[in-house]
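# A closer look at the structure
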Amino acid sequence: MSQASQGAPQQNGAIAFIERVGKKIPDPVIIFMFLFVAALTITGLIGGMEFQTTGADGNPVSHTVKSMLATENVRWMFDNAILKNWLSFGHGVLGVILVVMLGVGIAENSGFLGAVIKRVGLRLNEKWLPMLLVFLGIMSSIATDAGYLVLIPLAGMLYAGVGKNPLIGMAAAFAGVSAGFSANLIPATPVDVIIGLNARVFAESQGVPFENAGGEVLNPATMHYFFIFVSTFMLAVLGAWVTKRFVAPRLDKMEYTLPEGLDQSDFSVSESEKKGLRAAGLGLVASLAAIVALAMGPLAPYTNEAGRTVTPYMNNVILLIAMVFAVTGICFGYSTGKFKSLQDVVNAMVKQMNTFGYVLVLTFFSHNFLAVLSYSGLGVYITYLGATTLSSLGLENFPILLIIGFILTTALINLFVGGLTSKWMLLGPIFVPMLYQVNPNMTPDLVAAAYRVADSSTNIITPMMTYAGVILAFMRKYKSDLTFGDVIAMMVPYSAAFLTVWTSLLIVFFSFNIPLGF
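These notes cover the structure that comes with them.

Rules of the game
Residues numbered from 1 in each chain as written. Predicted model: local features only at pLDDT ≥ 70, side-chain atom pairs only at ≥ 80, totals over all residues. Heavy atoms only, no water. Helix = DSSP H or I, 4+ residues; strand = E, 2+ residues; numbered from the N terminus. Rg over C-alpha atoms; globule rule 2.2 N^0.38 Å. Contact = heavy atoms within 4.5 Å. Lys, Arg positive; Asp, Glu negative; His and termini not counted. Charge placed at Lys NZ, Arg CZ, Asp CG, Glu CD. Buried < 20%, exposed > 50% of the residue type's maximum accessible area, 1.4 Å probe, protein only. 1 Å grid on protein atoms, 1.4 Å probe; cavity = no way out; pocket = protein on both sides within 12 Å on 5 of 7 lines; lining within 4 Å. Points joined across faces, edges and corners; volume = space filled by probe spheres on them. Nonpolar A, V, L, I, M, F, W, Y, C, P; charged D, E, K, R; others polar. Expected span 1.5 Å × (residues − 1). Bend = angle between axes of the 7 residues up to and from the residue. Axes fitted to C-alpha atoms, helices over the stretch in contact; angles between N-to-C directions. Parallel < 35°, antiparallel > 145°, perpendicular 65-115°, else oblique. Left-handed = near helix turned anticlockwise from the far one by under 90°. Patch = residues over 30% accessible without salt bridge, like charges linked within 9 Å, V, L, I, M, F, W, Y side chains within 5 Å. Areas by Shrake-Rupley, 256 points an atom, 1.4 Å probe, with all protein chains shown as cover. Salt bridge = Lys/Arg side-chain N within 4 Å of Asp/Glu carboxyl O.

Quick look at the overall build of the chain now. Counting secondary structure elements, the chain contains 22 helices and 4 strands. In terms of overall size, the chain behaves like a compact globule, its C-alpha atoms giving a radius of gyration of 24 Å where 518 residues would be expected to give roughly 24 Å. Its C-alpha atoms give the chain principal-axis dimensions of about 70 × 65 × 45 Å. The long-range fraction of contacts in the chain, counting pairs at least 24 apart against all pairs at least 6 apart in sequence, stands at 80%. When the 28 positive and 27 negative side-chain charges of the chain are each reduced to one mean point, those points stand 8 Å apart.

The next subject is unusual backbone geometry. In this structure, alanine 188 is a non-glycine residue whose phi angle is positive, near 55 degrees. Note that alanine 188 resides in the loop between helix 9 (166–179) and helix 10 (190–204). Assessed through its relative accessible area of 1%, alanine 188 is described here as buried. With a phi angle near 55 degrees, asparagine 513 is a residue other than glycine that sits in the positive phi range. Counting through the fold element by element, asparagine 513 comes out in the segment after helix 22 (484–511).

Attention now moves to empty space enclosed by the protein. A complete count under the given rule lists 1 cavity of 30 Å³ or more for this structure. Considering only enclosed or pocket space, the largest cavity measures out at about 40 Å³ in volume. In terms of lining, the largest cavity is formed by Ser141, Ile142, Phe181, Ser182, Ala183, Asn184, Thr189, Pro190, Val191, Asp192 and Arg452. The greatest single-element share of the lining of the largest cavity, amounting to 3 residues, is contributed by helix 10. Residues belonging to the lining of the largest cavity are distributed by class as follows: 5 nonpolar, 4 polar and 2 charged.

Here helix 11 (residues 225–252) spans 37 Å end to end across 28 residues, near enough to the 40 Å set by a 1.5 Å rise per residue. Most pronounced at threonine 243, the bend in helix 11 amounts to some 45 degrees.

In contact at an axis separation of 10 Å, helix 10 and helix 20 (residues 444–457) are set at 135 degrees when each is read in the N-to-C sense. When the axis of helix 10 is compared with that of helix 20, the two are oblique. Of the two possible hands of crossing, helix 10 and helix 20 adopt the one that is right-handed. Contact with helix 10, carried on its side by Val191, Asp192, Ile195, Ala199 and Ala203, involves Pro444, Ala448, Tyr451 and Arg452 of helix 20 and no other residues of that element. Partitioning the contact of helix 10 with helix 20 into residue classes produces 7 nonpolar, no polar and 2 charged.

This part covers a nonpolar patch on the surface. The grouping of Ile30, Met33 and Phe34 at the surface amounts to a nonpolar patch, some 290 Å² of accessible area in total. Judged by its relative accessible area of 59%, phenylalanine 34 falls in the exposed class.

Moving on, we come to the packing of helix 9 against helix 21 (residues 468–475). Two elements in contact, helix 9 and helix 21, have axes separated by 11 Å at closest approach and are oriented at 160 degrees. Classified by the angle between their axes, helix 9 and helix 21 sit roughly antiparallel to one another. For the element pair helix 9 and helix 21, the recorded crossing hand is right-handed. From helix 9, Leu167, Met170, Ala171 and Phe174 reach across to helix 21, where they touch Ile471, Phe474 and Met475.

Turning our attention to the layout of surface pockets. Roughly 800 Å³ of internal volume is contained in the second largest pocket. When contributions to the lining of the second largest pocket are tallied by element, the ones reaching two or more residues are helix 5 (89–109), helix 10, strand 4 (309–310), helix 13 (312–315) and helix 14 (317–336). When grouped by side-chain class, the residues that make up the lining of the second largest pocket number 17 nonpolar, 9 polar and 5 charged.

A few words now on the pattern of salt bridges. Taken as a whole, this structure holds 4 salt bridges when the rule is applied. A salt bridge links arginine 452 to aspartate 192; the shortest N-O distance between them is 2.8 Å. Of the two residues, arginine 452 is situated in helix 20 and aspartate 192 in helix 10; the sequence distance between them amounts to 260 residues. A salt bridge links lysine 274 to glutamate 271, with the nearest nitrogen and oxygen atoms 3.5 Å apart. A residue pair is termed a helical-turn pair when its members lie 3 or 4 positions apart in one helix, as lysine 274 and glutamate 271 do in helix 12 (residues 271–296) at 3 residues.

Written as structure tokens, this is what we have:
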């Protein structure tokens, strides 16, 4: 007891510090506003500066920083602010992300994803409960709300049903949903699309080949699939071990109360949902058959005029995955009565888009800032300075240290700045080209994978996480005096284990030249 009492103030002090710092950090949109102004000011001051970098062929390449305050460049910013620098930025990356979310929105708002989680969750064997809860949490990240709002409270009820502290199950599920956010067995998830497409933009903006270590052109949506596939099972097993080794023994000694009228039927699968799941299964088979037909027909590989093999079905894998979500969601919705007309399907897509208003605002400012960074040459200059500094430290000969350093930096920043997309838009444009310039083995897919590891692992130990208050409210049903400091103390073993082992897995892939994806 005395040791616990001595440790508590330090935990609360650290958490209070993170909260204070986090609240003082402006919204990412505001950060990009200031960065845009800063970029204009800096280019105005150093406009005309010349410097040299080493090209892909080993020869020096000359660069000149443009002053964005010059008349012709101000005109360029206004002429391109809406279409080229925002809506069509990075080959239309914004549009692709929105299309994926339309398909996921139908599946989520029809109730399909929530029903799948309940169906699987209620059938879990007690022996395998921790591992399967972490696994389900990881898989539920395709539909964030379903994971946080359905699986985590359901996990608490499952543990209460077997006579154990509900917080054990909730911690395991929370670890999977949040700390394992970037892993999944499904290819071309929204996270894959956001990370991959923007990584390509960051690389191409400074002439970095968008290729893997073997010189193969990367597919933004699947460039991490092998790594993420293995990560899903590794994290599920690791999460179960942490639960049994550290979390459960501690929480088994904690007092808790069960709410009056606790009814596990609140999370049971209704007859209507069972019918819907059968219909969704048929829809899944039909949509997969349609994909096979397309891959063998209109989207079959062919050789173009340049003699290169083109694979249209792989180039359009994002749309195909979105179609699968849409078809299964529609089948489920119509079968359960949630959808009674096409207007209900439209409403489901609109509801999903309503949550993306912030993304539109964020991308307007971030994309225009990135366009200025690229057009002016300031981004190349920043990369040149950073690469020169790292090289002077001799780190070009230690790529593993570069990987670890970038992961730790991102993990630390994640404690204070939430949001996968906003942080990637801040860090990616600098580190993707910079680390490649320091060591060509630091390819865009490797740097992006390192970002995913770091961003996910520390989600569960920061009060700045979007669902932090929701998770605390769920857990307080069983322990009313629980603080978020207690939650963080509960989740630290998961975060530390995930960050350490997941980083090690990435280093294994890198060291043995194992492709991260296809």
